[in-house]
Amino acid sequence: MKLMTFKISKSLLEEMDKTHQEHHFSNRTEFIRAAIREKIERCKTVNFISKQNPNIQKKENKMDYTG
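Described below are features of the structure shown in this document. In this text the structure is predicted, and so the values were computed from the model without any measurement.

Moving on, we come to the layout of surface pockets. There is about 290 Å³ of room inside the largest pocket. Lining the largest pocket are Met1, Lys2, Leu3, Met4, Phe6, Arg28, Thr29, Ile32, Arg33 and Ile36. When the residues that make up the lining of the largest pocket are grouped by side-chain class, the tally is 6 nonpolar, 1 polar and 3 charged.

Evaluated as defined, the whole model comprises 4 salt bridges. Across the pair Glu38 and Arg42 runs a salt bridge, and its minimum N-O distance is 3.5 Å. With Glu38 and Arg42 both in helix 2 (residues 28-52) and 4 residues apart, the pair spans about one turn of that helix. Arg42 gets classed as partly exposed once you look at its relative accessible area, which sits at 39%. Residue Glu41 is joined to Lys44 by a salt bridge in which the shortest nitrogen-to-oxygen separation is 3.7 Å. Remark: Lys44 and Glu41 occur in helix 2; sequence separation between them is 3 residues, near one turn of the helix. For Glu41, a relative accessible area of 44% translates into the label partly exposed.

Each pair of packed helices can be summarised by the angle the axes make with each other and by the distance between the axes. Running from N to C, helix 1 (residues 10-22) and helix 2 cross one another at 95°; their axes reach a closest spacing of 10 Å. Of the possible angle classes, the one that applies to helix 1 and helix 2 is roughly perpendicular. Between helix 1, through Leu13, Met16, Asp17, Thr19 and His20, and helix 2, the contact on the second element is made entirely by Arg28, Phe31 and Ile32. Residues that form the contact of helix 1 with helix 2 fall into these classes: 4 nonpolar, 2 polar and 2 charged.

Here the focus is the side chain of His20. By secondary structure assignment, the location of His20 is in helix 1. Given the relative accessible area of 8%, His20 is considered buried. Setting aside chain neighbours within four positions, we find His20 in contact with Phe25, Asn27, Arg28 and Phe31.

The rules we used
Residues numbered from 1 in each chain as written. Predicted model: local features only at pLDDT ≥ 70, side-chain atom pairs only at ≥ 80, totals over all residues. Heavy atoms only, no water. 1 Å grid on protein atoms, 1.4 Å probe; cavity = no way out; pocket = protein on both sides within 12 Å on 5 of 7 lines; lining within 4 Å. Points joined across faces, edges and corners; volume = space filled by probe spheres on them. Nonpolar A, V, L, I, M, F, W, Y, C, P; charged D, E, K, R; others polar. Salt bridge = Lys/Arg side-chain N within 4 Å of Asp/Glu carboxyl O. Helix = DSSP H or I, 4+ residues; strand = E, 2+ residues; numbered from the N terminus. Buried < 20%, exposed > 50% of the residue type's maximum accessible area, 1.4 Å probe, protein only. Axes fitted to C-alpha atoms, helices over the stretch in contact; angles between N-to-C directions. Parallel < 35°, antiparallel > 145°, perpendicular 65-115°, else oblique. Contact = heavy atoms within 4.5 Å.

And the structure:
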């Protein structure tokens, strides 16, 4: 595995800690890994849907992967 270092706001960290404890993740790292996996799958789904239906509303010909 590779080590990643990044900064996060205090409020987001507090929200993440609250959420990972409520959903019984072992620790922050497991929560972050799950969140990244979920985001990757969401992006793949959006990409697949956009290829199946080219009439989907696009912002300046770019799909919005932030949601």
